[in-house]
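Results of the structural survey
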Amino acid sequence: MTNSGSPHFLPIALLLTALLSGCTTLQGDPWAVYDPLEPANRKLYTAIDAVDRKVITPVARGYRTVMPDWAEKGVSNFFRNVRRIDSVANSLLQGKGRNAGEDFAGLLVNSTLGLGGFLDVGSRMGLRHHDEDFGQTLAVWGVTRTRYIYLPSGPSTIRDAPGTAFKSWIPSVVLSGGYTFWVGAIDLLSVRADALPLSDARDQTALDAYVFTRDASYQRRKFLTFDGDPPVEDLFEEFEEDFEASVEALGSEAAGR
Amino acid sequence: MLLMFSLHLLPGLSVAAPAEPLVQVDALHAVLIKAMKHGGTAAERTALIEAAVVGSFDFETIARVSVGRDWQKIGADGQKRLTELLRQLSLATYADRFDSFTGQAFVQDGVVSGKSGTVVKTHILRSNGEKVSLHYYFRNGRIFNVVADGVSDLALRRADYGSILRREGFPALLTHIERNIDELR
């Protein structure tokens, strides 16, 4: 029996088929925003955002206030370290052996010398976090165009959502029975507290928070896919089209007079 | 949203060519460090950074791209008003974000020149070791876009403003920006 015939691989094959077929029907800029479900996405965003502002954000701010900085950092380090296995696997899937090695070494060092991951000893030794995930792997494999979906966990895409769900699930597998409701709540709070500067910046800047969040997440995903070094020409070319459009509009107005 | 020593304030030098991108970014970073170390009020920090920011950024280009095809529709008065508001917004944003010094340092990562312009790559190194990449995009010798950790200020602004223009119109966009400025000050 081949692997593709194994029942273990069938769900993965179906998922990949669905993802790839969902993304390959899109035409246009590989890294553009595709949001055909905007009305539904907006409604969900509005609802989740209301809960976030009234409940989760105040609790996350309280968490930050109550927790000493070293403890807050330790908790954040711990869950990031547990999820690092995802980065190891996806670095390998992308053919980035060096990154996989760094993440694996960092995972080992932090899990041992770093007191189970509470201390990020690896970073001090130069073992960088690469934060790879399955969505980035799919993008590296060529699945760039993807539709936007807003989820209770935040902005995502059809391509990225399965990997995000998997990454969220890792601590409950690694810690097994130790990942109780309260441990999960602290995990969630830690993630939200780490993101407070971002949501604060959004609130200060955004006029349409939905669009701001969506577009920033697409740009950020591209940045991560290129390991922090996307082609610089892309942004020049993107804006050149705006200049040309302005000139065309001027020409049309003049012709109409 | 940043900038350089203002040649515009010096009579007779207003037509001088802009300094090299790397020099402009260095000067801008020096002023931001100075403002952070000064602390004080937002108004004081704005006064410290104003010449540098206004001299380095091409606010007309930023305004033009921010509204895309609507640039011609808003007329000369609208263009002038939007450009001025974006100048004020940039100053207020810088004065707000760079308000205290906790050991941050700006580090140069290199310059990339292409057919369309130049990119100066830098990052902020925080005292806890965290890095935030800051890439400055230059066109015709001045900054028109800043990309922080992969997120383009101009692309985001264009999408954000475009949504407001479609839903509420240009006067509402100006009102929103004015409110933003007031909240930051």
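Residues numbered from 1 in each chain as written. Chains lettered and ligands numbered in written order. Predicted model: local features only at pLDDT ≥ 70, side-chain atom pairs only at ≥ 80, totals over all residues. Heavy atoms only, no water.

Turning to the overall build of chain B, a few remarks are in order. A tally of regular secondary structure across chain B gives seven helices and five strands. Going residue by residue from the N terminus, the α and β elements of chain B occur as α-α-α-α-α-β-β-β-β-β-α-α. Against the 2.2 N^0.38 benchmark of 16 Å for 185 residues, chain B shows a C-alpha radius of gyration of 16 Å, consistent with a compact globule. Taken over the C-alpha atoms alone, chain B extends approximately 45 × 35 × 35 Å along its principal axes. Buried positions account for 54% of the 185 residues belonging to chain B. At a minimum sequence separation of 6, the contacts of chain B that also span at least 24 residues come to 55%. Just so you have it, chain B exposes about 8,400 Å², and 53% of that area is on carbon and sulfur atoms. Side chains of chain B give 22 positive and 20 negative charges; the mean places of these two sets differ by 5 Å. (Helix = DSSP H or I, 4+ residues; strand = E, 2+ residues; numbered from the N terminus. Rg over C-alpha atoms; globule rule 2.2 N^0.38 Å. Buried < 20%, exposed > 50% of the residue type's maximum accessible area, 1.4 Å probe, protein only. Contact = heavy atoms within 4.5 Å. Areas by Shrake-Rupley, 256 points an atom, 1.4 Å probe, with all protein chains shown as cover. Lys, Arg positive; Asp, Glu negative; His and termini not counted. Charge placed at Lys NZ, Arg CZ, Asp CG, Glu CD.)

Check the secondary structure of chain A and you find twelve helices and two strands. Taken over 257 residues, chain A has a buried fraction of 43%. Across chain A, every contact between residues at least 6 apart in sequence was considered, and the portion connecting residues at least 24 apart equals 71%. Accessible surface for chain A amounts to roughly 13,600 Å². Of this, 67% is attributable to carbon and sulfur atoms.

What follows is about the environment of A:Pro155. All names here are of chain A. As for its placement among the helices and strands, Pro155 is situated in strand β2 (residues 154–157). Pro155 sits 55 residues away from Tyr210 along the chain, and the two C-alpha atoms are 9.4 Å apart. When residues no more than four places from it in sequence are discounted, the contact partners of Pro155 are Tyr148, Ile149, Tyr150, Thr213 and Ser217.

Listed by partner, the interface residues are 31 residues for chain A and 45 residues for chain B. Buried area between chain A and chain B, summed over both chains or domains, comes out near 3,400 Å², and the portion from carbon and sulfur atoms is 57%. The tally of links between chain A and chain B comes to four salt bridges. At the boundary of chain A and chain B, one finds ten residue pairs in polar contact (both at pLDDT 80 or more). For the side of chain A that touches chain B, the secondary structure elements donating two or more residues are α10 (196–205), α11 (209–225) and α12 (233–256) of chain A. A total of 14 residues in the side of chain A that touches chain B trace back to one element, the largest contributor, which is α12(A). Looking at side-chain class alone, the side of chain A that touches chain B contains 15 nonpolar, four polar and twelve charged residues. (Buried area = accessible area lost by both parts, 1.4 Å probe. Salt bridge = Lys/Arg side-chain N within 4 Å of Asp/Glu carboxyl O. Polar contact = N/O pair within 3.5 Å; in protein donor to acceptor, adjacent residues only side chain to side chain. Nonpolar A, V, L, I, M, F, W, Y, C, P; charged D, E, K, R; others polar.)

The subject of this paragraph is the pairing of strand β3 (residues 131–139) of chain B. Residue and element names in this part refer to chain B. The element β3 is extensively covered by neighbouring structure, given that eight of its nine residues are classed as buried. In this sheet, β3 lies alongside strand β2 (residues 118–125) in antiparallel orientation, the contact comprising eight bridges. Within the sheet, the bridge partner assigned to Val119 lies in β3 and is Tyr137. Hairpin connection from β2 to β3: five residues lie between these consecutive antiparallel strands, with Gly129 at a positive phi of about 90°. (Pairing = 2+ DSSP bridges.)

Another aspect to go through is the sheet that holds β3(B). Two pairing modes exist for strands in a sheet, parallel and antiparallel, and in both the strands are linked by backbone hydrogen bonds. Residue and element names in this part refer to chain B. In spatial order, the strands read β1-β2-β3-β4-β5; together these five strands make up an open sheet with antiparallel pairing. Edge positions in the open sheet fall to β1 (105–113) and β5 (151–152), since each of these has one partner strand only. As paired elements, β3 and strand β4 (residues 142–148) share six bridges and run antiparallel to each other. Residue pairing across strands places Phe138 opposite Ile143, the latter belonging to β4.

This next bit is on the nonpolar core. Counting 55 residues, the largest nonpolar core has B:Ile49, B:Phe57, B:Leu82, B:Tyr136, B:Leu173 and B:Ile177 as its most contacted members. Looking at this core element by element, the count peaks at eight residues for helix α5 (residues 75–97) of chain B. Membership of the second largest hydrophobic core comes to ten residues, among which are A:Ala60, A:Tyr63, A:Phe79 and A:Ile170. (Core = buried A, V, L, I, M, F, W, Y, C linked by side-chain atoms within 4.5 Å.)

Looking at the secondary structure, you find B:Lys121 in strand β2. Taking the relative accessible area as the measure of exposure, B:Lys121 reaches 13% and is therefore buried. Separated by 2.7 Å, the side chains of B:Lys121 and A:Asp229 make a polar contact. Discounting chain neighbours no more than four positions away, the residues touching B:Lys121 are A:Asp229, A:Val232, B:Val107, B:Gln108, B:Asp109, B:Gly110, B:Val112, B:Leu134 and B:His135.

This part takes up the pairing of β2(B). Residue and element names in this part refer to chain B. Counting buried positions over the eight residues of β2 gives seven, a clear majority of the element. Judged from the eight bridges that link them, β1 and β2 form a sheet pairing that is antiparallel. Across the sheet, Val107 pairs through a bridge with His123, a residue of β2.

Our focus in this paragraph is the packing of helix α2 (residues 38–66) of chain A against helix α9 (residues 181–194) of chain A. All names here are of chain A. α9 packs onto α2 with a crossing angle of 90° between their chain directions and a minimal axis gap of 9 Å. On the basis of the axis angle, α2 is roughly perpendicular to α9. Residues Asp52, Ile56, Thr57, Val59, Ala60, Tyr63 and Arg64 of α2 touch α9, and the partners they reach there are Ile186, Leu189, Ser190, Arg192 and Ala193. Split by residue class, the contact of α2 with α9 holds seven nonpolar, two polar and three charged. (Axes fitted to C-alpha atoms, helices over the stretch in contact; angles between N-to-C directions. Parallel < 35°, antiparallel > 145°, perpendicular 65-115°, else oblique.)

Residues and elements named next belong to chain A. If you walk through the whole model with that rule in mind, you get 32 salt bridges over all chains. The shortest N-O distance in the salt bridge between Arg42 and Asp208 comes to 2.6 Å. Here Asp208 lies in the loop between α10 and α11 and Arg42 lies in helix α2, a separation of 166 residues in the sequence. Neither residue differs from the other here; Arg42 and Asp208 are each classed as buried.

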